[in-house]
Amino acid sequence: MKNLLKKIAVIALLSAVMISCSKKSEMPADPETETTQNQKVIAYIKSLGFTDAQIVESGDNYVADGDIVFSKKMEIPADNGKSITEQYYNGYIVTNSTNIRVKIDPSITSMTSEINSAINQWNTVPNSKLKFVITTGTIYDILIKVDNTIGGSTCGQAYLSTSNGKAGNTVWINQNLIKNNSLAQRTRTITHEFGHTISFKHTNQSTTTNVPGVGGTDAQSLMNGGQCGSGATVLSAKDKQATAVLYPL
């Protein structure tokens, strides 16, 4: 009888420990830790030249200057962006730049022609090794998809390239907003967002300086922000020059 009672006691103790561990594993993340991470992400975004007024919280992300997306869970680069002094790029070049694989989500197959035209613009920049390629496989670098919930006058959004040499992994297109734009303007939106994935920021962002050797403002830049539906539809001479500087042959 004593042995039976001992066994029951041991089983009860083990059960209590297992329940306790289970409850512990289900505890929510420390809100203080989450807040600290968010503050670090915001500080990093500001280190790239964006102001508080340009940064908007959007679910699991922050969006800067309308269409440049930063995950709240992103890994903050070791230099925190402080060593970056060049314009319209964030300092992080895509390492597999000769084979950047683009996956077209089923939601946006109706815009395959525009996507191909956008890719062709980047792929034909003189003196640049940059190459986007369409893939139908499960391994890709960038997923392009529809997101009609972006709202407002934002035609699209994208992640910037990362500090570990990867392209920004998602482009979102507000198809409902741009569907009545001209073919050239729809292509422009996609070309612009691909530009963000390979490190380019907005050419007309007043708080930044220039890509080395490519100085001055550029009213014809396709990477100018805030020009959805009305901006340049082809890469300007300076856009191409900057691309060749960052991704030379």
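Fair warning: this is a prediction, and the values are worked out from it, not measured in the lab.

Calculation notes
Residues numbered from 1 in each chain as written. Predicted model: local features only at pLDDT ≥ 70, side-chain atom pairs only at ≥ 80, totals over all residues. Heavy atoms only, no water. 1 Å grid on protein atoms, 1.4 Å probe; cavity = no way out; pocket = protein on both sides within 12 Å on 5 of 7 lines; lining within 4 Å. Points joined across faces, edges and corners; volume = space filled by probe spheres on them. Helix = DSSP H or I, 4+ residues; strand = E, 2+ residues; numbered from the N terminus. Nonpolar A, V, L, I, M, F, W, Y, C, P; charged D, E, K, R; others polar. Buried < 20%, exposed > 50% of the residue type's maximum accessible area, 1.4 Å probe, protein only.

Chemist: Got a sec to walk through the layout of surface pockets? Specific residues and values, please.
Modeler: A probe matching the size of a water molecule, rolled over the atoms, marks out where space remains unfilled. Space inside the largest pocket adds up to approximately 390 Å³. Considering the residues around the largest pocket, the lining is formed by 19 residues, among which Met-74, Glu-75, Leu-160, Ser-161 and Thr-162 are closest to the centre. A total of 3 residues in the lining of the largest pocket trace back to one element, the largest contributor, which is strand 3 (residues 68-71). Here the residues of the lining of the largest pocket are counted per class, giving 9 nonpolar, 8 polar and 2 charged. Lining the second largest pocket are 18 residues; nearest its centre among them are Asp-67, Gly-225, Gly-226, Gln-227 and Cys-228. Ranked by residue count, the leading element in the lining of the second largest pocket is helix 5 (residues 183-197), at 4 residues.

Chemist: Which residues make up unusual backbone geometry, and what values go with them?
Modeler: Even without glycine at this site, Asp-65 takes up a positive phi of about 55°. Relative to the elements of secondary structure, Asp-65 occurs in the loop between strand 2 (61-64) and strand 3. Judged by its relative accessible area of 26%, Asp-65 is partly exposed. The phi torsion at Ser-199 lies on the positive side, around 105°, for a residue other than glycine. Tracing the sequence through the fold places Ser-199 in the loop between helix 5 and helix 6 (237-246). Owing to a relative accessible area of 0%, Ser-199 belongs among the buried residues under this scheme.

Read these as geometric descriptors, not functional statements.
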